[in-house]
Amino acid sequence: MNIIVTGGAGFIGSNFIFYVLKKHPKDRIICLDCLTYAGNLSTLAPVMNQPNFRFVKLDICDRQGVYKIFEEEHPDVVVNFAAESHVDRSIENPEIFLQTNIIGTSVLMDACRKYGIRRYHQVSTDEVYGDLPLDRPDLFFHEDTPIHTSSPYSTSKASADLLVMAYHRTYGLPVTVSRCSNNYGPYQFPEKLIPLMIANALADKPLPVYGEGLNVRDWLYVEDHCKAIDMILHNGTVGEVYNIGGHNEMKNIDIVKLICKYLQKPESLIEHVQDRKGHDMRYAIDPTKIHDELGWLPETMFKDGIRLTIQWYLDNRKWWENIVNGEYQNYYNEMYGKKGL
Ligand code: NAD
Ligand code: TDX
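No experiment lies behind these values; they were computed from the predicted model shown.

K.L.:
Would you take a moment to explain the site of ligand 1 for this structure?
P.N.:
Neighbouring residues of ligand 1: 28 residues in total, closest Ile12, Asp33, Ser85, Tyr153 and Lys157. In the model, an oxygen atom of ligand 1 is placed 3.1 Å from a nitrogen or oxygen of the phenylalanine 11 main chain. Here aspartate 59 contributes a side-chain N or O atom positioned 2.9 Å from a nitrogen atom of ligand 1. For ligand 1, whose free accessible area comes to 830 Å², the fraction covered by protein is 96%. For the shell around ligand 1, the elements supplying multiple residues, two or more each, are α1 (11-23), β5 (119-125), α6 (152-171) and β7 (182-184). It is β5 that contributes the most residues to the shell around ligand 1, three residues altogether. Its residues assigned to classes, the shell around ligand 1 comprises 14 nonpolar, eleven polar and three charged.

Structure, rendered in structure tokens:
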């Protein structure tokens with residue numbers, strides 16, 4: 001198969017490329033990524049010279065550029081990871097989220113319509129369902145839970161999902177959508193909770209917990225997410241949405257304390273800062289459908305995954321220290337300065 005993977009220089013996309021090239025060595029991957037602040041070409045160094053891998057620096061909103069790649073590569077499948085992905089940034093500056101996450105998705109699907117495709121897969125998120133109250137642990141997001149978004153980020157992702165389903169119904173585009181919970185693992189950009197806390201703890205810097213830290217997220221090891229998408233591509237039903245989740249709900253504060261424990265750092269580094277605006281309380285996925293239909297189950301327990309992740313950040317300091325010492329420093333000072341850190 002010829003697979004276009006967009007956003008492959010980011011966290012989940014790069015892990016997906018490694019997963020597919022190992023599992024299906026006969027597949028060819030063409031990675032399209034415009035290398036925003038979140039894209040890191042060095043991440044792809046291990047596969048860059050493989051004959052069945054091609055990297056193209058391209059914005060998915062660039063219609064002519066995308067069409068040209070389709071003419072050259074005749075892809076069988078497109079997996080769209082490319083997105084602006086950080087909720088806090090979407091609160092500061094929504095526009096680029098609308099541009100990449102919505103317009104970019106439509107450009108890719110227009111190319112699929114124009115040149116033909118076996119499958120267009122949209123990588124979406126559990127955030128499209130909004131949030132659940134903390135006092136109703138019996139409630140979960142199902143695939144038919146109404147979309148009810150909170151942030152500009154989740155709204156842009158939900159808009160894209162609706163557009164994907166519209167292209168299926170209106171033009172018969174063979175699509176699938178997956179909505180996954182919070183991922184963690186190697187190569188996650190250090191603006192996100194887990195790598196941010198690891199990097200700060202290692203530098204003995206304050207650990208900024210939003211509000212009381214009681215918000216709950218369902219954490220999934222990134223490789224389990226990649227495996228689920230691969231299964232959907234091979235055996236999923238066209239036109240369907242699949243929820244992906246780890247049944248591993250944790251409070252933010254407990255995650256941060258666990259990181260302190262593993263790194264043998266004092267919990268006194270924790271600082272409660274101003275809460276995120278519109279902060280979702282709890283995400284919880286019911287993954288019954290993907291389990292029953294495709295046999296997917298998460299394989300990495302959180303206690304193992306978090307140890308692997310912390311060890312990866314210890315072993316790959318150069319990768320993230322290059323990031324946190326660069327332009328990211330300005331973002332950090334501005335974002336966390338506003339929150340009172
Ligand atoms: P990320 O921010 O680490 O990576 C995004 C990648 O997309 C970067 O390499 C960036 O350069 C690229 N990109 C951004 N705009 C682009 C554009 N206009 N054209 C081409 N490339 C562009 O994101 P991530 O955490 O790997 O998330 C990947 C996808 O998975 C996103 O669609 C996100 O919404 C979704 N998702 C993420 C999580 C999570 O926990 N991280 C959970 C569920 C779903
Ligand atoms: O410094 C912080 N302090 C803090 O308390 C940061 C960065 C986060 N938090 C809290 C906010 C959230 O409740 O931790 C939780 C996790 O935050 P993020 O890592 O920013 O993730 P989240 O907002 O849950 O969204 C993530 O999961 C769903 C991804 O970034 C999205 O791309 C994905 O769709």
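Still to come is the rest of the account.
K.L.:
Please explain the nonpolar core as it appears in this structure.
P.N.:
Nonpolar side chains in soluble globular proteins tend to be buried together. In this structure, Ile194, Ile198, Leu207, Ile259 and Tyr328 are the most contacted members of the largest nonpolar core, which totals 39 residues. Taken together, the elements giving at least two residues each to this core come down to α7 (193-202), β8 (207-210), β9 (216-221), α9 (252-263), β12 (270-273), α11 (302-315), α12 (317-324) and α13 (328-338). Take this core: its biggest share by element is seven residues, from α7. Ignoring anything within four residues of it in the chain, the contact list for isoleucine 194 reads Tyr184, Trp219, Ile255, Ile259, Ile306 and Thr309. Val56, Leu173, Ala284 and Ile285 belong to the second-largest nonpolar core, a separate cluster that totals 33 residues.

K.L.:
Quick question: what am I supposed to make of the side chain of glutamate 191 here?
P.N.:
With respect to the helices and strands, glutamate 191 occurs in the loop between β7 and α7. The exposure class of glutamate 191 is buried, given its relative accessible area of 2%. Within the local environment of glutamate 191, its side chain forms a polar contact with the side chain of arginine 89, the two groups lying 2.7 Å apart. For glutamate 191, the contacting residues outside a window of four places in its chain are Tyr37, His86, Arg89, Leu196, Tyr328, Tyr331 and Tyr336.

K.L.:
It is not clear to me how the packing of helix α3 (residues 63-73) against helix α5 (residues 95-115) should be interpreted in this structure. Could you clarify?
P.N.:
Relative orientation and spacing of two packed helices are given, respectively, by the angle between their axes and the distance between those axes. One way to put it is that α3 packs onto α5 with a least axis distance of 10 Å and a crossing angle of 40 degrees. With respect to their mutual orientation, α3 and α5 come out oblique. Of the two elements, α3 crosses α5, and the hand of that crossing is right-handed. In contact with Arg63, Val66, Tyr67, Phe70 and Glu71 of α3, α5 contributes Val107, Leu108, Asp110, Ala111, Cys112, Lys114 and Tyr115. Split by residue class, the contact of α3 with α5 holds eight nonpolar, no polar and four charged.

K.L.:
So what exactly am I meant to see when it comes to the pattern of salt bridges here?
P.N.:
Between side chains of opposite charge, a pair can form when the charged atoms approach closely. Tallying each qualifying case throughout the model produces 21 salt bridges. Its salt-bridge partner being glutamate 249, residue arginine 282 comes within 2.7 Å of it at the nearest N-O pair. Taken together, the residues span a long stretch of sequence, with arginine 282 in the loop between β12 and α10 (288-294) and glutamate 249 in strand β11 (residues 249-251) at a distance of 33 residues. Across the pair arginine 307 and aspartate 304 runs a salt bridge, and its minimum N-O distance is 3.9 Å. Within this pair, arginine 307 and its partner aspartate 304 are both found in helix α11, separated by three residues, close to a single helical turn. Among the charged side chains, a network of salt bridges with common partners joins Arg28, Arg54, Lys68, Glu72 and Glu73.

Rules used in this analysis
Residues numbered from 1 in each chain as written. Chains lettered and ligands numbered in written order. Predicted model: local features only at pLDDT ≥ 70, side-chain atom pairs only at ≥ 80, totals over all residues. Heavy atoms only, no water. Near = heavy atom within 4 Å. Polar contact = N/O pair within 3.5 Å; in protein donor to acceptor, adjacent residues only side chain to side chain. Areas by Shrake-Rupley, 256 points an atom, 1.4 Å probe, with all protein chains shown as cover. Helix = DSSP H or I, 4+ residues; strand = E, 2+ residues; numbered from the N terminus. Nonpolar A, V, L, I, M, F, W, Y, C, P; charged D, E, K, R; others polar. Core = buried A, V, L, I, M, F, W, Y, C linked by side-chain atoms within 4.5 Å. Buried < 20%, exposed > 50% of the residue type's maximum accessible area, 1.4 Å probe, protein only. Contact = heavy atoms within 4.5 Å. Axes fitted to C-alpha atoms, helices over the stretch in contact; angles between N-to-C directions. Parallel < 35°, antiparallel > 145°, perpendicular 65-115°, else oblique. Left-handed = near helix turned anticlockwise from the far one by under 90°. Salt bridge = Lys/Arg side-chain N within 4 Å of Asp/Glu carboxyl O.

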